[in-house]
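Next come the chains, spelled out residue by residue.
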2 protein chains.
Amino acid sequence: MTDLLDQGAAAIASAVRAGRTSARAVAEAAIARVEAKNKAITAIVDFDPAEARAAADAVDARRKQGFDGPILGVPYTVKDTTWVQGRRVTNGSLLWKDFRPPRDAIAVERLKAAGGVFLGMTNTPEMAAKGHTENKVYGPSRHPMNPAVTPGGSSGGAAAALAAGFTPIALGTDGGGSGRRPASHCGVIGLKTSAGAIPSPFGFGGAYGPLYGVTAPMGRSVADARVAFEVMAGPDRRDPHSVALLDVPPPSSPRIALSPRLGLNVAVDPDVMAAFDSAIARLRAAGWRIEEGDVAWPEGTSETAFSAVNQAASALLYGERHAKDKDLFGDNVAGLIERGRTVPGTDVVEAFRFADACARTVAQFFTEYDYLLTPTTACVSWPVEQVYPKVIENREVGPRGHAVFTPLFNLALVPGISIPCGSGRDGLPVGLQIVAPRLHDRPLLAMAQRAEAALA
Amino acid sequence: MTDLLDQGAAAIASAVRAGRTSARAVAEAAIARVEAKNKAITAIVDFDPAEARAAADAVDARRKQGFDGPILGVPYTVKDTTWVQGRRVTNGSLLWKDFRPPRDAIAVERLKAAGGVFLGMTNTPEMAAKGHTENKVYGPSRHPMNPAVTPGGSSGGAAAALAAGFTPIALGTDGGGSGRRPASHCGVIGLKTSAGAIPSPFGFGGAYGPLYGVTAPMGRSVADARVAFEVMAGPDRRDPHSVALLDVPPPSSPRIALSPRLGLNVAVDPDVMAAFDSAIARLRAAGWRIEEGDVAWPEGTSETAFSAVNQAASALLYGERHAKDKDLFGDNVAGLIERGRTVPGTDVVEAFRFADACARTVAQFFTEYDYLLTPTTACVSWPVEQVYPKVIENREVGPRGHAVFTPLFNLALVPGISIPCGSGRDGLPVGLQIVAPRLHDRPLLAMAQRAEAALA
């Protein structure tokens, strides 16, 4: 059973479908792993084995009556930002420390309808607002390979739970790299879906607007992330931003661009760059034709160019509560609120216009190329006591210096995926990011599977 | 030839295709009408008959070599907000009084590729920012039925050109009703397309953001608007916001809601309401099952709830020019700029969040209904000297009081169409608005054709 849990979603569903095992037996194996390993890493934060057993028993009972689904009996986790009816869902904030949502998010509805078994909620930084998973409700998550370092964030709990082998798939989110970067740090798969590919109208909402923050299927393999994606993707009348994937085949001779520093001369630690370069060399050896090509970013592009929106939104949503009770908030969100109180409206409009300029620029880039390859992060995981690394490649960097490779693709609305591509300092994982045009998620996943095989 | 011009795009294309007439002969008929009637109404503002003749001759020459297209030889106009390479395109503003765009908008590219013949640019208010077509470059447009009244706006020149019979189709825009309302006032068809249905990455941009202001196919009949829509719709890799229409058939027993005051108790002039009620009675007599049903709008809903975005964007984009030279701007845009200088960022974020709440609410409404029927405007056209009517149904109203029925559906991202449904004061046309779920433009057009036939 333990082995089956490591063979992935398709193998589990197949075994349950054939009656070779039961959803309940799979759930017991997952529960045993959580009970053995979670305390050291705080990956899962809301955990009720009785509920997981009941969900698995219900799947088994329905299977006997003819029910089937693509993730039949497959356990999954949900990030603590996403509504699961009746569970404790805190958004990493004391504001919701006792909140139990009145309904499921559509993505969760679909995981349940596809035969999945909910295992638990995974940890997130406060309001998913930083790349380091720690909050005032549950404290920090830790890396399964080394509890002294962070799994990154904001889907840090989800990535750590995958790396620890609790489940084959996880539901994360990605508003600026939150799905891709922790996946990179933990050696698993994180897919930032195209804006609109997975409906998400029910939940906390947040600072980013409905297009930039998306549901992120995560997995222990690209195949697993792909199964989770297919279960959750597709338009729903309740979400006006949900749209259909484009019906395009993967290109037969893909035009692949390589942008090791994003065309912005960002700092990248040498160990990360060495692993990335080695991966590119292996892909070339496998026959990939890859040429250097940078996006011609708009003037003023940086990882902080969209900050005014987050700041003003934080002040709008939480300013009053913060004025009354500062202790409800961590330093990071408190800082956003403080800055947001005085941000002029013109700065907010400018940030949204910058986002659109990014999207148009990346779209233009993808008239020349089909895929873009970059590192996923600028450094490997860092000590759990630090919110962010202050020095990368001997250059001082700000709070988003480690995260430079991901957020511009959120603003561009396009899909991106992180797959493991080697290791750096202390054997910690390094990720390769592949980016594709908007709504080309399926060709991207096909390409990521090819890359995963070539790098294995 | 004159008659053929009134028979619509399909008849013209068919006659040109069969060699029964030439694109050149059609263009000559259109040119003759412009030369006879345009001076009184200022519908077309940039007009070069030599260029129209050359474009028509080119279509004829290509046809002889086997070229075909759905609007073969059909003349069309383009609103003076939309880029046509090499033409004078002013956006209704002295800022661009001598601007000639370096390229075509994608919608224009597609009209040309489909065999259309560009006839001229149509008038718009300054930056398309009000429902009354008048600016400092070209002065006011006038209504073809009565030059003492306005054709409305902002696609007022396009609607007047259609009503005057210059062309069967026109390219307008709709950022808050700019395509639907002037169509209503002029007795023609205006389609506000779903956000993303027609790509539009090249042009002036503007205050609204890429989802709210859309290209609006307009026509003298629903069939003509439909042909224009099909020519221009469909995703393009260069526009990250462009998406595919949903592949849905028209519902066999449509659930149709009637909302004569939008559920917001808005003021509507009795002549408009009488024409609207009569049209609904005729649709019911034709077998339509229609029930009363209002959208459950979010708290704070009004036609001005999105204003902070327009104000801040105007200040951002034009604040410096305005500070240096006030005379470059009309009163309306100057007012937006002035107010935008002090709008706080939190108000802008709140406006965007309101837009999203609108979109979700309308999406939820469309899980219960397939179509929504409302009047298009709260009053018929008013004297051309007035920017907006100050009294409707004996109630004092603000600048957007006449326009209350349209902008919320821009924020909702959904398609809506105005078709003629009778007449009011002084015999001026009244329009019926039909709204459908996002990316259901094709079912909407099918329903509008049924309504047009029933009301004929």
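These numbers come from a predicted model, not from an experiment.

Reading guide: rules and limits
Note that residues are indexed from 1 along each chain, following the sequence as it is written. Each chain is given a letter, starting from A, and each ligand a number, starting from 1, according to the order in which they appear as written. The predicted nature of this model means local features are confined to residues of pLDDT at least 70 and side-chain atom pairs, given and counted, to a pLDDT of 80 or more, with totals for whole chains, interfaces and linings taken over all residues. The side-chain values count all of the structure's non-hydrogen atoms but skip hydrogen atoms and water molecules. Two strands make a pair as long as DSSP finds a minimum of two bridges between them. Secondary structure elements are taken from DSSP: a helix is a run of H or I of four residues or more, a strand is a run of E of two residues or more, and numbering for both begins at the N terminus. Each axis is a line fitted through C-alpha atoms, and for a helix only the stretch in contact is used; angles between axes span 0 to 180 degrees, taken between their N-to-C directions. In what follows, a contact means two residues having at least one pair of non-hydrogen atoms within 4.5 Å. An angle below 35 degrees is read as roughly parallel, one above 145 as roughly antiparallel, one from 65 to 115 as roughly perpendicular, and any other as oblique. Each helix crossing is assigned a hand: it is left-handed if the near helix lies turned anticlockwise from the far helix by less than a right angle, otherwise right-handed if that turn is clockwise. For each structure, a 1 Å grid was placed over the protein atoms alone; sets of points admitting a 1.4 Å probe that cannot get out are labelled cavities, open sets with protein on both sides within 12 Å along at least five of seven lines are labelled pockets, and lining residues have an atom within 4 Å of a point. Grid points are joined across faces, edges and corners, and a volume is the space filled by probe spheres set on the points. Gly is put with the polar residues, along with every residue not named as nonpolar or charged; the nonpolar set is Ala, Val, Leu, Ile, Met, Phe, Trp, Tyr, Cys and Pro, and the charged set is Asp, Glu, Lys and Arg. Criterion for a salt bridge: a side-chain nitrogen of Lys or Arg within 4 Å of a carboxyl oxygen of Asp or Glu. Relative accessible area decides the class of each residue, using a 1.4 Å probe on protein chains only: under 20% of the type maximum gives buried, over 50% gives exposed, and in between gives partly exposed. Polar contacts, as counted here, are pairs of nitrogen or oxygen atoms within 3.5 Å of one another; within protein the pair requires one atom able to donate a hydrogen and one able to accept it, and residues that are adjacent in sequence qualify only if both atoms are side-chain atoms. Start and end points for every domain follow an automatic or database-based domain assignment. Two parts placed together each lose some accessible area under a 1.4 Å probe, and adding up what both lose gives the buried area. The copies are overlaid by a least-squares fit using only the C-alpha atoms of residues whose pLDDT is at least 70 in both copies.

## Details of the sheet that holds strand β14 (residues 416-423) of chain B
All names here are of chain B.
Phase 1 of the analysis: Spatially, β1-β3-β2-β6-β8-β7-β14-β15-β11-β9-β10 is the arrangement adopted by the 11 strands of the open sheet, whose pairing is mixed. Strands at the two margins of the open sheet, each flanked by one partner only, are β1 (44-47) and β10 (290-292). Taking the axes of each pair of neighbouring strands and ignoring which way they run, one obtains an average angle of 30° across the sheet.
Phase 2 of the analysis: In terms of strand pairing, strand β2 (residues 75-79) meets strand β6 (residues 169-174) through 3 bridges, oriented parallel. Residue pairing across strands places Thr77 opposite Ala170, the latter belonging to β6.
Phase 3 of the analysis: Across the sheet, helix α3 (residues 23-41) touches β1, β2 and β3 (117-122), and the angle it forms with β1 is around 130°.

## Brief notes about the pairing of β14 of chain B
All names here are of chain B.
Phase 1 of the analysis: Bridging between strand β7 (residues 189-192) and β14 involves 3 bridges; their strand directions are antiparallel. Each residue of the ladder has a partner; that of Lys192, found in β14, is Gly416.
Phase 2 of the analysis: Direction of pairing for β14 relative to strand β15 (residues 429-435): antiparallel, over a ladder of 7 bridges. Paired with Ser423 across the two strands is Pro429, which belongs to β15.

## As for the packing of helix α10 (residues 307-324) of chain A against helix α12 (residues 345-368) of chain A
All names here are of chain A.
Phase 1 of the analysis: α12 packs onto α10 with a crossing angle of 130° between their chain directions and a minimal axis gap of 7 Å. With respect to α12, the element α10 is oriented oblique. The hand of the α10/α12 crossing is left-handed. Side by side, α10 and α12 meet where Ala308, Val309 and Ala312 of the first sit next to Asp347, Val348, Ala351 and Phe352 of the second.

## Focus: the sheet that holds strand β11 (residues 371-375) of chain A
Residue and element names in this part refer to chain A.
Phase 1 of the analysis: Here we have 11 strands laid out as an open sheet, ordered β1-β3-β2-β6-β8-β7-β14-β15-β11-β9-β10, and mixed in their pairing. With one partner strand each, in any of the chains shown, β1 (44-47) and β10 (290-292) form the two edges of the open sheet. On average, each strand axis in the sheet is inclined to that of its neighbour by 30°, with strand direction left out of account.
Phase 2 of the analysis: The sheet contact formed by strand β6 (residues 169-174) and strand β8 (residues 214-219) spans 6 bridges and is antiparallel. Note that in β8 the partner of Leu171 across the bridge is Pro217.
Phase 3 of the analysis: Each of β1 and β3 (117-122) is contacted by helix α4 (residues 49-64), which is oriented at about 155° to β3, the strand it contacts most.

## Concerning empty space enclosed by the protein
Phase 1 of the analysis: Tallied over the entire structure, the rule returns 2 cavities of 30 Å³ or more.
Phase 2 of the analysis: Estimated volume of the largest cavity: approximately 40 Å³.
Phase 3 of the analysis: What lines the largest cavity is simply Leu211, His241 and Arg438 of chain A together with Leu211, His241, Val243 and Arg438 of chain B.
Phase 4 of the analysis: Class assignment of the residues belonging to the lining of the largest cavity gives a composition of 3 nonpolar, 2 polar and 2 charged.
Phase 5 of the analysis: A volume near 30 Å³ is recorded for the second largest cavity.
Phase 6 of the analysis: Lining the second largest cavity are Arg237 of chain A together with Pro251, Asp370, Tyr371, Ala436, Pro437, His440, Pro443 and Leu444 of chain B.
Phase 7 of the analysis: In terms of residue class, the lining of the second largest cavity is made up of 6 nonpolar, 1 polar and 2 charged.

## Comments concerning the pattern of salt bridges
Phase 1 of the analysis: Enumeration according to the criterion identifies 48 salt bridges over all chains in this entry.
Phase 2 of the analysis: Close ionic contact of Glu393 of chain A with Arg261 of chain A constitutes a salt bridge, the shortest N to O distance being 2.8 Å. In this pair, Glu393 of chain A is assigned in the loop between β12 (391-392) and β13 (395-396) and Arg261 of chain A in the loop between β9 (256-258) and α9 (270-285), connecting sequence segments 132 residues apart.
Phase 3 of the analysis: According to the relative accessible area criterion, Glu393 of chain A is partly exposed, its value standing at 24%.
Phase 4 of the analysis: The salt bridge involving Arg395 of chain B is made with Glu393 of chain B; its shortest N-O contact spans 3.8 Å.
Phase 5 of the analysis: You can call Arg395 of chain B partly exposed: its relative accessible area is 34%.

## Details of the side chain of Ser259 of chain A
Residues and elements named next belong to chain A.
Phase 1 of the analysis: With respect to the secondary-structure elements, Ser259 resides in the loop between β9 and α9.
Phase 2 of the analysis: Here the side chain of Ser259 touches Gly263 through a polar contact of 3.5 Å, landing on its backbone nitrogen.
Phase 3 of the analysis: Polar side-chain contacts of Ser259 include one of 2.5 Å to the side chain of Asp294.
Phase 4 of the analysis: Ignoring any residue separated from it by four or fewer positions in sequence, one finds Ser259 in contact with Gly293, Asp294, Leu372, Leu373, Thr374, Pro375 and Phe405.

## Comments concerning the domain arrangement of chain A
All names here are of chain A.
Phase 1 of the analysis: Domain boundaries assigned for chain A yield domain 1 (2-232) and domain 2 (256-296 + 356-444).
Phase 2 of the analysis: The gap between the C-alpha centroids of domain 1 and domain 2 is 24 Å.
Phase 3 of the analysis: With 38 residues of domain 1 at the interface, the matching set in domain 2 holds 41 residues.
Phase 4 of the analysis: Roughly 3,000 Å² of surface becomes buried between domain 1 and domain 2 when both sides are summed, with 56% attributable to carbon and sulfur atoms.
Phase 5 of the analysis: Inspection of the domain 1/domain 2 interface yields 1 salt bridge.
Phase 6 of the analysis: Remark: the boundary between domain 1 and domain 2 carries 23 residue pairs in polar contact (both at pLDDT 80 or more).
Phase 7 of the analysis: Every element with two or more residues in the side of domain 1 that touches domain 2 is listed here: α7 (180-186), β7 (189-192) and α8 (222-232).
Phase 8 of the analysis: It is α7 that contributes the most residues to the side of domain 1 that touches domain 2, 5 residues altogether.
Phase 9 of the analysis: Residues belonging to the side of domain 1 that touches domain 2 are distributed by class as follows: 15 nonpolar, 15 polar and 8 charged.

## Considering helix α11 (residues 331-340) of chain B
Phase 1 of the analysis: For α11 of chain B, every residue scored as buried is listed here: Val333, Ala334, Gly335, Leu336, Ile337 and Gly340 of chain B.
Phase 2 of the analysis: Those residues of α11 of chain B that are buried lie in contact with α12 of chain A together with α10 (307-324) of chain B.

## Brief notes about helix α5 (residues 106-113) of chain B
Residues and elements named next belong to chain B.
Phase 1 of the analysis: The set of residues buried in α5 consists of Ile106, Ala107, Val108, Arg110 and Leu111.
Phase 2 of the analysis: Looking at the packing, one finds that the buried side of α5 touches β2, β6, β8 (214-219) and α8 (222-232).
Phase 3 of the analysis: Directly beyond the C-terminal end of α5, a positive phi value near 100° is found at Gly115.

## Examining the relation of the copies chain B and chain A
Phase 1 of the analysis: For these two chains of identical sequence, chain B goes onto chain A by a turn of 180° and a shift of 0.0 Å along the axis, with RMSD 0.0 Å. The two molecules are tied by a two-fold rotation axis, judged by turn and shift. Across chain B, the smallest distance between a C-alpha and the rotation axis is recorded for Gly345 of chain B, namely 1.8 Å.
Phase 2 of the analysis: A high fraction, 100%, of the interface residues of chain B reappear at the interface in chain A, so the copies pair face to face through one surface.

## Description of the packing of helix α3 (residues 23-41) of chain A against α4 of chain A
All names here are of chain A.
Phase 1 of the analysis: Where α3 contacts α4, the two axes come as close as 8 Å, and the packing angle between them is 160°. When the axis of α3 is compared with that of α4, the two are roughly antiparallel. Here the hand of the crossing between α3 and α4 comes out right-handed. Here α3 contributes Ala23, Arg24, Ala27, Glu28, Ile31 and Glu35 to the contact with α4, which in turn contributes Pro49, Ala52, Arg53, Ala56, Asp57, Val59 and Asp60.
Phase 2 of the analysis: Along the lines of polarity and charge, the residues of the contact of α3 with α4 split into 7 nonpolar, no polar and 6 charged.

## Some details on the pairing of β7 of chain A
All names here are of chain A.
Phase 1 of the analysis: Across the two faces of β7 the burial is the same, with Ile189 and Leu191 and Gly190 and Lys192 all buried.
Phase 2 of the analysis: Pairing of β7 with β8, which is carried by 2 bridges, proceeds in the antiparallel orientation. The partner of Ile189 across the bridge, within β8, is Gly219.

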